Amino acid sequence: MNPWAQRAMMTLVTLGLVVFVFWYSNHLLSPTRRTGEPIRVDIRLGSSASEIARALKSAGAIHSELAFKLMARLYGGAEDMKAGEYLIPPNRGVLEIIDQLVAGNAEAQWVLIPEGYTLSRIASLLDEQRLARANEFLRAARRSPTTLGVDLPVSPSGLEGYLMPDTYKFPRKASEQVLLKEMLRNWHDKIYQPNRELFAASTLPAEKIIVIASMIEREARVPEDRPLISSVIRNRLQKKMPLQIDATVLYALGRHKAKVTYKDLKVKSPYNTYIQRGLPPGPICNPGQDAVLAALKPAKTDYLYYVARPDGSHIFTRSHQEHLQAIAKVKQMKTADAGLTEAKSP
């Protein structure tokens, strides 16, 4: 074959490869079907781009996981795709699907309600996720539970403390009342029902157990401290001592602070356990299962005080003198930690 013919042949082969690559790439980005019913795909919270691509491929919404991941990165949506249950319409290609996931146009959305969140924080979170109107959510949650048709041993004054911390998949068009009822149902299934016998055997009514659990939730930073904090609360109640729990002061103030000041301790509120004896009138957050169990099963101790170490764990003591010594020890720890940090600084 003469050189001219060879060059012509190579040109044709190269052109053919370019056409094939272009066609195949376009095919990988094109819709998997042009007609038919939408495909339902559930993207869980925390899913990576690879996991999202796998879910879409398994459902038949895309041709190639690799093509989807590459386009998500090139297109800038790899980190912005949102969890939820999506309906992918026919005739929707990879770029359109990425747009849908980034926009969060889902039929239902996954949302995590962390342990220790207050009603206000839950309302704000749901509002940010466009699942509820914060004001309407709070209005419904602060009414008597009977307005929701709820038959549970919860406070008649509102639902603070009874909204189960968990991961939920909420329909986008659900009302605030529907969301509240789902969280209450979950609380019944995961808190009340498994511990029904413990609630019945307790010397305190269920409402007060949840108040104690909410304080434990906000105070404890390590699991082993929960039953010990519970015992301090019970011991102080028995001796008619003020509970003096900082978390209740923060709840009274209505905002979080890294450090509670002496001025804060004087805030006039029934939730301020430095100036009010006994339990506060209601829960100060929505506690999780472990905090409720600690409230139901306090450790058997004669501790009356505790103070937090720098690592979040607590030193528990029996007398005021021991408590002062523990405070001095914690101050030494903080000074040592500050010195170590300064020494490590360049």
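About the cut-offs
- Residues numbered from 1 in each chain as written.
- Predicted model: local features only at pLDDT ≥ 70, side-chain atom pairs only at ≥ 80, totals over all residues.
- Heavy atoms only, no water.
- Helix = DSSP H or I, 4+ residues; strand = E, 2+ residues; numbered from the N terminus.
- Buried < 20%, exposed > 50% of the residue type's maximum accessible area, 1.4 Å probe, protein only.
- Contact = heavy atoms within 4.5 Å.
- Areas by Shrake-Rupley, 256 points an atom, 1.4 Å probe, with all protein chains shown as cover.
- Core = buried A, V, L, I, M, F, W, Y, C linked by side-chain atoms within 4.5 Å.
- Pairing = 2+ DSSP bridges.
- pLDDT = per-residue confidence, 0-100.
- Axes fitted to C-alpha atoms, helices over the stretch in contact; angles between N-to-C directions.
- Parallel < 35°, antiparallel > 145°, perpendicular 65-115°, else oblique.
- Left-handed = near helix turned anticlockwise from the far one by under 90°.
- Nonpolar A, V, L, I, M, F, W, Y, C, P; charged D, E, K, R; others polar.
- Salt bridge = Lys/Arg side-chain N within 4 Å of Asp/Glu carboxyl O.
- Expected span 1.5 Å × (residues − 1).

## Considering the overall build of the protein
Part 1: In terms of regular secondary structure, the protein is built from 13 helices and 6 strands.
Part 2: Taken over 346 residues, the protein has a buried fraction of 44%.
Part 3: Counted over contacts in the protein with a minimum sequence separation of 6, partners at least 24 positions apart contribute 60%.
Part 4: For the protein, the accessible area works out to roughly 19,400 Å², and carbon and sulfur atoms hold 54% of it.

## As for the environment of K329
Part 1: One can find K329 in helix 13 (residues 320-344).
Part 2: With 22 residues separating them along the chain, K329 and V307 place their C-alpha atoms 9.9 Å apart.

## Let's talk about the nonpolar core
General note: in soluble globular proteins, nonpolar side chains tend to be found buried as a group.
Part 1: Counting 60 residues, the largest nonpolar core has L126, F137, L163, M183, W187, F199 and I216 as the members making the most contacts within it.
Part 2: Secondary-structure elements contributing two or more residues to this core are helix 5 (119-128), helix 6 (134-141), strand 4 (167-171), helix 7 (176-192), helix 9 (206-219), helix 10 (226-238) and helix 12 (289-296).
Part 3: Top contributing element to this core by residue count: helix 9, with 8 residues.
Part 4: When sequence neighbours within four positions are dropped, the list of residues in contact with W187 reads L152, P153, V154, G161, Y162, M164, Y192 and I210.
Part 5: Within the second largest apolar cluster, 21 residues are counted, among which are I39, I43, A78 and I97.

## Remarks on the pairing of strand 4
Part 1: Only one face of strand 4 is covered, namely the face carrying Y168 and F170; the face carrying T167, K169 and P171 is uncovered.
Part 2: Pairing of strand 3 (residues 108-112) with strand 4 involves 5 bridges; the strand directions are antiparallel. Note that in strand 4 the partner of Q109 across the bridge is F170.

## Points about the confidence of the model for the protein
Part 1: Scored by pLDDT, the protein comes out at a mean of 89, with 89% of its residues at no less than 70.
Part 2: Low pLDDT, under 50, characterises residues 15-25; the stretch is placed with 0 contacts to residues that sit more than four places away or in other chains.

## Things to note about the packing of helix 3 (residues 65-75) against helix 4 (residues 94-103)
Part 1: Relative to each other, helix 3 and helix 4 sit at 60°, their axes nearing to 10 Å. Comparing the axis directions of helix 3 and helix 4 gives the class oblique. For the pair helix 3 and helix 4, the crossing hand works out as right-handed. Contact residues: F68, M71, A72 and Y75 in helix 3; V94, L95, I97, I98, D99 and L101 in helix 4.
Part 2: Split by residue class, the contact of helix 3 with helix 4 holds 9 nonpolar, no polar and 1 charged.

## Examining the pattern of salt bridges
Part 1: In total, this model carries 11 salt bridges according to the counting rule given.
Part 2: In this structure, R139 engages E136 in a salt bridge whose closest nitrogen and oxygen atoms are separated by 2.5 Å. With R139 and E136 both in helix 6 and 3 residues apart, this pair spans about one turn of that helix.
Part 3: For E136, a relative accessible area of 30% gives the class partly exposed.
Part 4: D189 is paired through a salt bridge with R185; the nearest N and O atoms lie 2.5 Å apart. Taken as a pair, D189 and R185 lie in helix 7 at a separation of 4 residues, close to a single helical turn.
Part 5: When its relative accessible area of 37% is taken as the criterion, D189 is described as partly exposed.
Part 6: Three or more residues joined by partner-sharing salt bridges are found here, namely R40, D42, E85 and K169.

## A look at helix 9
Part 1: Counted at 1.5 Å a residue, the expected span for helix 9 with its 14 residues is 20 Å, and the 20 Å between its end C-alpha atoms agrees.
Part 2: Among the 14 residues that make up helix 9, 11 are buried, leaving the element largely enclosed by the rest of the structure.
Part 3: The set of residues buried in helix 9 consists of A206, I209, I210, V211, I212, A213, S214, M215, I216, E217 and E219.

## A word on the side chain of R226
Part 1: Relative to the elements of secondary structure, R226 occurs in helix 10.
Part 2: Excluding its chain neighbours within four sequence positions, the residues that come into contact with R226 are I216, A220, D290, A291 and A294.

## Structural notes on unusual backbone geometry
Part 1: Look at N91: it is not a glycine, yet its phi comes out positive at around 65°.
Part 2: Looking at the secondary structure, you find N91 in the loop between strand 2 (84-88) and helix 4.
Part 3: Of note in this structure, R130 is not a glycine but carries a positive phi near 60°.
Part 4: With respect to the helices and strands, R130 occurs in the loop between helix 5 and helix 6.

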